[in-house]
Amino acid sequence: MNKIRNFVNSELLNKNNKMQESNVLIVDDSKTINHFISTILNENNINSISAFDADEAWILLGQIEFDLIMLDVVLPDSNGFQLCKKIKENEILSEIPIIFITGLGDKDNIVHAFDLGAVDYIVKPFDKAELLARVKIHLDLVHTKTHLQQEVIEHQLKAIALKESEQNYRLLFDNMMNGFTVNQVVYNSDNSAYDFKILSANQAFEEIIGIKKENIIGQSFKETFPEINTSQYEKLLKVALTGEKQKMHYFSKSLNKYLNISVFSPKYGQFAAVYEDVTQQMKAEQELKDSEKQLRELNATKDKFFSIIAHDLRSPFTSIIGLSEMLTFEEDMDNAQVKEFSEMIYQSSVKTYELIDNLLSWARSQTGNIKNNPTELNLFQLVNTIFDIVSEKAQLKKVNLINDVDKEVIIKADTDLLKTVLRNLVTNSIKFTNSDGFVKISHSKSAKKNHICVEDSGIGIAKNSLQDLFRIDVNKISIGNSEEKGNGLGLIICKEFVEKMGGKIHAESELEKGSKFIFTIPE
């Protein structure tokens, strides 16, 4: 018996030591990629070891215990698929999770990788935050599995103690982490079983159901667990009458807890039950599923968004290249035509620059490189600065710019973020406002919030389009009344920057009656 206990204790010690540090093997023939990934992991307290070909990786796998392998497909002397297959066929190494990280993003390679037993597949070039998130998820799963194995060993240790003596049994019964009850079949007058009576219960069971032990003993099992169904009741009765062991998963609405219940029979007419409260584990698994779902949805949303932006970038460049080609090779063009084409190239270049500028601002916000640093500023003067920037566009369309902000208004906000928001909103309003119309900026306060309104007398927005204005996954191509093209990126940036400043933004509009874009900034 002591030998068994020493073995179990040794296993527990080994498991605890392994949990103290995570080792990740990076297999990639590129020193640059190896160093880049190693830096990301090391900065986050994850130990990484690099290999540059399959042979070197195999040697390291025989020397060091790894928690995760990050494997390129294309290697100098072999390929990642062959190495993956070799690892999965090895009894000792087969449980190590493998993430393929490669430039081969076609469907066949991805499917083949998962068929070989890979747990994830990341296509180069990859996002640093996404890479780290995926590595952490899989390391957490490894640690969770190790923790569960440790709990199994702990349960084995408790079982050994039960067999040693009645005293040890009672000590374990009263101090074990899981709930435990012994239950007796109750018969009615016609000698048919209809319920169970709780004969004994431990402290952990008391904590699970929130009832004192002295009030549990003798209580009806069905009253204790009112949500138990007929099938589960029949399983418990079968254990008590036949001795057959059973396991079941039970959710108690009244307790709002998930329980894994292991049932066995200590004697005829009785069953003993071990109750493991797995509520936190179930919640963690659901959170992981929700996180993975959100990540997939976010990636899909961004993919669609980038396809829209790529289309919008291609159009002006096509115009610029075509017009430039004509200016270069057409020799019989007069000055008027040259001027006309030059102006068209200029307008296309300006539009392209604005799109790229907005795209870069949005990209910076996504990577967390834009910070909110609020300072006190004069809103009236800031509005005048914005009007100076867009005055040329407004004059060309004969749009009147109105600063309706009180000259003394002082607010606390990030100057750069607020300027970007106002510039995008005003530019957007000019684009969709008729000649001799107006764009007005006003300010008001309520409930410790500054309300800033950009109003125009433009063509307005249909009601069914208002809800999609600030969504990244909806194609919002629109044409201004002077044939200016809008893609909605500016409004997406406005929403993200306003929220970064702690506020909210919304639009109010009717067709042919103009629009109002109103956002808040906390005091």
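Look up a bit, the structure's there.
Draft legend 1. Region of the structure containing the overall build of the chain. Counting secondary structure elements, the chain contains 17 helices and 19 strands. The 523 residues of the chain split such that 42% are buried. Surface accessibility of the chain: about 29,200 Å² in total, with carbon and sulfur atoms responsible for 51%.

Draft legend 2. Structural context of the pattern of salt bridges. Applying the stated rule across the entire model yields 13 salt bridges. Of the charged contacts, one joins glutamate 455 and lysine 440 as a salt bridge, the two residues approaching to 3.9 Å between their closest N and O atoms. In this pair, glutamate 455 sits in strand E15 (residues 449-456) while lysine 440 sits in strand E14 (residues 438-446), placing the two residues 15 residues apart along the sequence. Look at glutamate 455 and you get buried, because its relative accessible area is 19%. Overall, the relative accessible area of 22% leaves lysine 440 in the partly exposed class. Salt bridges sharing common partners tie together Asp28, Asp72 and Lys124.

Draft legend 3. Inspection of the sheet that holds strand E1 (residues 23-27) at higher detail. Read from one edge to the other, the open sheet built from five strands follows the order E2-E1-E3-E4-E5, with strand pairing classed as parallel. Looking at the sheet topology across the chains shown, the edges are occupied by strand E2 (47-51) and strand E5 (120-123). Along the sheet, successive strands turn relative to each other by an average axial angle of 20 degrees, direction set aside. Here strand E3 (residues 68-71) pairs with strand E4 (residues 98-102) via three bridges, running parallel. Its bridge partner lying in E4, isoleucine 69 is registered against isoleucine 98. The strands touched by helix H2 (residues 31-43) are E1, E2, E3 and E4; relative to E2, the strand with the most contacts, the crossing angle is about 170 degrees.

Draft legend 4. Region of interest: the pairing of strand E18 (residues 505-509). Residues Ile505, Ala507 and Ser509 point to one face of E18 and are all buried, whereas His506 and Glu508, pointing to the other face, are not buried. Strand direction decides the pairing type here: E18 and strand E19 (residues 515-522), joined by five bridges, are antiparallel. Each bridged residue has a counterpart across the sheet, and for isoleucine 505 the counterpart in E19 is phenylalanine 519.

Draft legend 5. Looking closely at helix H15 (residues 415-431). Along its 17 residues, H15 runs 24 Å from first to last C-alpha, staying within 8% of the 24 Å computed at 1.5 Å per residue. A large share of H15 lies buried, amounting to 13 of its 17 residues. At the N-terminal boundary of H15, the capping side chain belongs to aspartate 414, with an oxygen 3.1 Å from the backbone nitrogen of aspartate 416.

Draft legend 6. Structural context of the environment of leucine 237. By secondary structure assignment, the location of leucine 237 is in helix H11 (residues 230-242). Along the primary structure leucine 237 and glycine 269 are separated by 32 residues, whereas in three dimensions their C-alpha atoms are 8.2 Å apart. Excluding residues within four positions of it along the chain, leucine 237 makes contact with Val185, Ala193 and Phe196.

Draft legend 7. A look at the packing of aromatic side chains. Summed over the entire model, instances satisfying the criterion amount to 14 aromatic pairs. Taken together, a centroid distance of 5.0 Å and an interplanar angle of 50 degrees make the contact between phenylalanine 221 and phenylalanine 225 tilted. As far as the burial class goes, phenylalanine 221 and phenylalanine 225 line up, both buried. A ring pair is formed by phenylalanine 225 and tyrosine 275, whose centres lie 5.7 Å apart and whose planes are at 20 degrees; its orientation type is stacked. Here the residue phenylalanine 225 occupies a position in the loop between helix H10 (221-224) and H11, and tyrosine 275 occupies one in strand E10 (residues 270-277), the gap between them amounting to 50 residues. Neither phenylalanine 225 nor tyrosine 275 differs from the other in exposure class; each is buried.

Conventions used here
Residues numbered from 1 in each chain as written. Predicted model: local features only at pLDDT ≥ 70, side-chain atom pairs only at ≥ 80, totals over all residues. Heavy atoms only, no water. Helix = DSSP H or I, 4+ residues; strand = E, 2+ residues; numbered from the N terminus. Buried < 20%, exposed > 50% of the residue type's maximum accessible area, 1.4 Å probe, protein only. Areas by Shrake-Rupley, 256 points an atom, 1.4 Å probe, with all protein chains shown as cover. Salt bridge = Lys/Arg side-chain N within 4 Å of Asp/Glu carboxyl O. Pairing = 2+ DSSP bridges. Axes fitted to C-alpha atoms, helices over the stretch in contact; angles between N-to-C directions. Contact = heavy atoms within 4.5 Å. Expected span 1.5 Å × (residues − 1). Polar contact = N/O pair within 3.5 Å; in protein donor to acceptor, adjacent residues only side chain to side chain. Phe/Tyr/Trp six-rings, centres within 6.5 Å; stacked < 30°, edge-to-face > 60°.

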